[in-house]
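# Remarks on the overall topology
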Amino acid sequence: MHLTQVIKKPLLTEKTYLGQQNGAYTFVVDKKANKTLIKKTFEEIFQVKVKDVRTMNYDGKDKRMGKFVGKTASYKKAIIVLKDGETLDILSDL
């Protein structure tokens, strides 16, 4: 798996924004990626030191539009905690 395929996008919500103040950043990652691959990729792309990686798998939810039933996409979320003194410059401007 290539490095650019591991981390898909940042997950920006009110709750994840509060976590950024403590050095924890939340990203949507590839479902097949494990913690060591996520850590290695994150350190290489963003040039920071990672302290901890926590992952969660989410199943898609059933959604209904009138008589039509569908499903939202399932995804994997990773909370990446940086070592003390490290910051991620890309998301600090938000």
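The following refers to the structure shown. (Residues numbered from 1 in each chain as written. Predicted model: local features only at pLDDT ≥ 70, side-chain atom pairs only at ≥ 80, totals over all residues. Heavy atoms only, no water.)

Before going further, it helps to examine the side chain of aspartate 30. With respect to the helices and strands, the residue aspartate 30 is situated in the loop between strand E2 (24–29) and helix H3 (35–46). Look at aspartate 30: it is buried, it has no salt bridge, and the nearest opposite charge is lysine 8 at 4.2 Å. At 3.0 Å, the side chain of aspartate 30 forms a polar contact with the backbone nitrogen of lysine 32. (Helix = DSSP H or I, 4+ residues; strand = E, 2+ residues; numbered from the N terminus. Buried < 20%, exposed > 50% of the residue type's maximum accessible area, 1.4 Å probe, protein only. Lys, Arg positive; Asp, Glu negative; His and termini not counted. Salt bridge = Lys/Arg side-chain N within 4 Å of Asp/Glu carboxyl O. Polar contact = N/O pair within 3.5 Å; in protein donor to acceptor, adjacent residues only side chain to side chain.)

Right, let's get into the layout of surface pockets. Empty space within the largest pocket amounts to approximately 180 Å³. Around the largest pocket, the lining residues are Leu11, Thr13, Lys15, Thr16, Gly19, Gln20, Ala24, Thr26, Lys77 and Ile79. The set of elements that each furnish at least two residues to the lining of the largest pocket consists of helix H2 (14–20), E2 and strand E6 (75–82). It is H2 that contributes the most residues to the lining of the largest pocket, 4 residues altogether. A breakdown of the residues in the lining of the largest pocket according to their chemical character gives 3 nonpolar, 5 polar and 2 charged. (1 Å grid on protein atoms, 1.4 Å probe; cavity = no way out; pocket = protein on both sides within 12 Å on 5 of 7 lines; lining within 4 Å. Points joined across faces, edges and corners; volume = space filled by probe spheres on them. Nonpolar A, V, L, I, M, F, W, Y, C, P; charged D, E, K, R; others polar.)

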